[in-house]
Amino acid sequence: MEIALHNIGKRYETNWIFRGISTSFQSGNIYGITGHNGSGKSTLLQIISGFVTPTEGTINYDNGSIAVEEIYKYCSIATPYLELPHEFTVKETVVLQEKFKPFQPGMDSQTVISLCGLEAHQNKSLQKLSSGMLQRLKLALAIAADSQVLLLDEPCANLDSTWTAWFNNTLNQTRQNRIVVICSNDPERELKSAIQILDLESVKY
């Protein structure tokens, strides 16, 4: 798959967040988006996902063969602003997620729970988990999904050095045949394998 952005811009009322962004993403590669807080990293990620409409410019998914209204079927995402149902247990959350977004071949709910190291906590409600455990669960659900596009926003937030290494290793093991786009405030931890980094602070308009 390829995702191509052509002169993408986003404005809220009279304020432009960014303009003139043209780039492309190909399957099998990891890409980074950096910039200071408020530079539009999360907004651009949501535009790529089809959730937010750009003010100007166009996006082509797979040379136009996929409509923007359908791109969600091909995406999995983990971000700080997407919440999981805290009254559910870990196991209930994973089983529910699989019904909406099947996991990659060879993976099931128990595999995903093991992937993020939550076997001993699978019957706990999410509200009883630490912030690091919740982050690992979010990442595991997104990474394990059978998706062609993986979108991550600040993936190593709340992860210590051990689990940051887990994230990078797991990402590299599952990057084949998918586009990975990561928004990051910490490139040294989160963008080790990125082949290209778009710095929104360098975007002029």
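What counts and what doesn't
- Residues numbered from 1 in each chain as written.
- Predicted model: local features only at pLDDT ≥ 70, side-chain atom pairs only at ≥ 80, totals over all residues.
- Heavy atoms only, no water.
- Buried < 20%, exposed > 50% of the residue type's maximum accessible area, 1.4 Å probe, protein only.
- Helix = DSSP H or I, 4+ residues; strand = E, 2+ residues; numbered from the N terminus.
- Pairing = 2+ DSSP bridges.
- Right-handed = clockwise from strand over helix to strand, strands pointing away.
- Core = buried A, V, L, I, M, F, W, Y, C linked by side-chain atoms within 4.5 Å.
- Expected span 1.5 Å × (residues − 1).
- Contact = heavy atoms within 4.5 Å.
- Polar contact = N/O pair within 3.5 Å; in protein donor to acceptor, adjacent residues only side chain to side chain.
- Axes fitted to C-alpha atoms, helices over the stretch in contact; angles between N-to-C directions.
- Phe/Tyr/Trp six-rings, centres within 6.5 Å; stacked < 30°, edge-to-face > 60°.
- Disulfide = S-S within 2.5 Å.

K.L.:
Hey, could you run me through the pairing of strand β7 (residues 179-183) in this one?
P.N.:
In regular strands, side chains alternate between the two faces of the sheet. Taking burial as the measure, the five residues of β7 include five buried ones, the bulk of the element. Burial of β7 is two-sided: the residues I179, V181 and C183 facing one way and the residues V180 and I182 facing the other way are all buried. The pairing of strand β6 (residues 149-153) with β7 spans five bridges and is classified as parallel. Across the sheet, the residue bridging to D153 is C183, located in β7. Once you follow β6 into helix α5 (residues 161-173) and on to β7, the crossover reads as right-handed.

K.L.:
Is there a simple way to think about the nonpolar core in this case?
P.N.:
Soluble globular proteins: nonpolar side chains tend toward being buried together. One finds L137, L152 and F167 to be the most contacted residues of the largest nonpolar core, which totals 31 residues. Only α2 (90-100), α3 (109-115), α4 (131-144), β6, α5 and β7 provide two or more residues apiece to this core. Here the element with the most residues in this core is α4; it accounts for nine residues. In this structure, Y31, L45, I47 and V149 belong to the second largest nonpolar core, which totals 27 residues.

K.L.:
How do you make sense of α5 when you look at a structure like this?
P.N.:
Since the α-helix packs 3.6 residues into each turn, any two residues three or four apart lie on the same face. End to end, α5 covers 18 Å across 13 residues, agreeing with the expected 18 Å (1.5 Å per residue, within 8%). Among the residues of α5, those classed as buried are T164, W166, F167, N168, T170 and L171. Those residues of α5 that are buried are in contact with β3 (30-34), α3, α4, β6, β7 and α6 (187-190). The N-terminus of α5 is capped by D160, whose side-chain oxygen sits 3.1 Å from the backbone nitrogen of T162.

K.L.:
Got a minute to help me understand the sheet that holds strand β8 (residues 196-199) in this structure?
P.N.:
Pairing in this open sheet of five strands is parallel, and the strands run β5-β6-β7-β3-β8 from one edge to the other. Taken across any chain shown, the strands that pair with only one partner, and hence form the sheet edges, are β5 (75-78) and β8. Taken pair by pair, the neighbouring strands of this sheet meet at an average axis angle of 15°, ignoring direction. Lying over the sheet, helix α1 (residues 41-49) contacts β3, β6, β7 and β8, oriented at roughly 160° with respect to β6.

K.L.:
I would appreciate a short explanation of the packing of aromatic side chains in the present structure.
P.N.:
Aromatic ring pairs: the centre-centre distance and the angle between the two ring planes describe each pair. For the coordinates displayed, the defined rule picks out two aromatic pairs. Aromatic side chains F25 and Y31 sit 4.9 Å apart centroid to centroid with 75° between the ring planes, which places their arrangement in the edge-to-face category. For Y31, a relative accessible area of 1% corresponds to the buried category. Considering the side-chain rings of W163 and W166, the 5.3 Å spacing of their centres and the 70° angle between planes classify their relative orientation as edge-to-face. In this pair, W163 and W166 both sit in helix α5, three residues apart, roughly one turn of the helix. In this structure W163 comes out as partly exposed when scored by relative accessible area, which is 21%.

K.L.:
Can you walk me through the state of the cysteines in this structure?
P.N.:
Such a bond, covalent and formed between the sulfur atoms of two cysteines, is termed a disulfide. By the definition in use, this model includes zero disulfides. Unpaired in terms of disulfides, C116 finds its nearest cysteine sulfur in C156, a separation of 15 Å. When its relative accessible area of 0% is taken as the criterion, C116 is described as buried. Take C183: it sits in no disulfide, and the sulfur closest to it among the cysteines is that of C75, at 13 Å.

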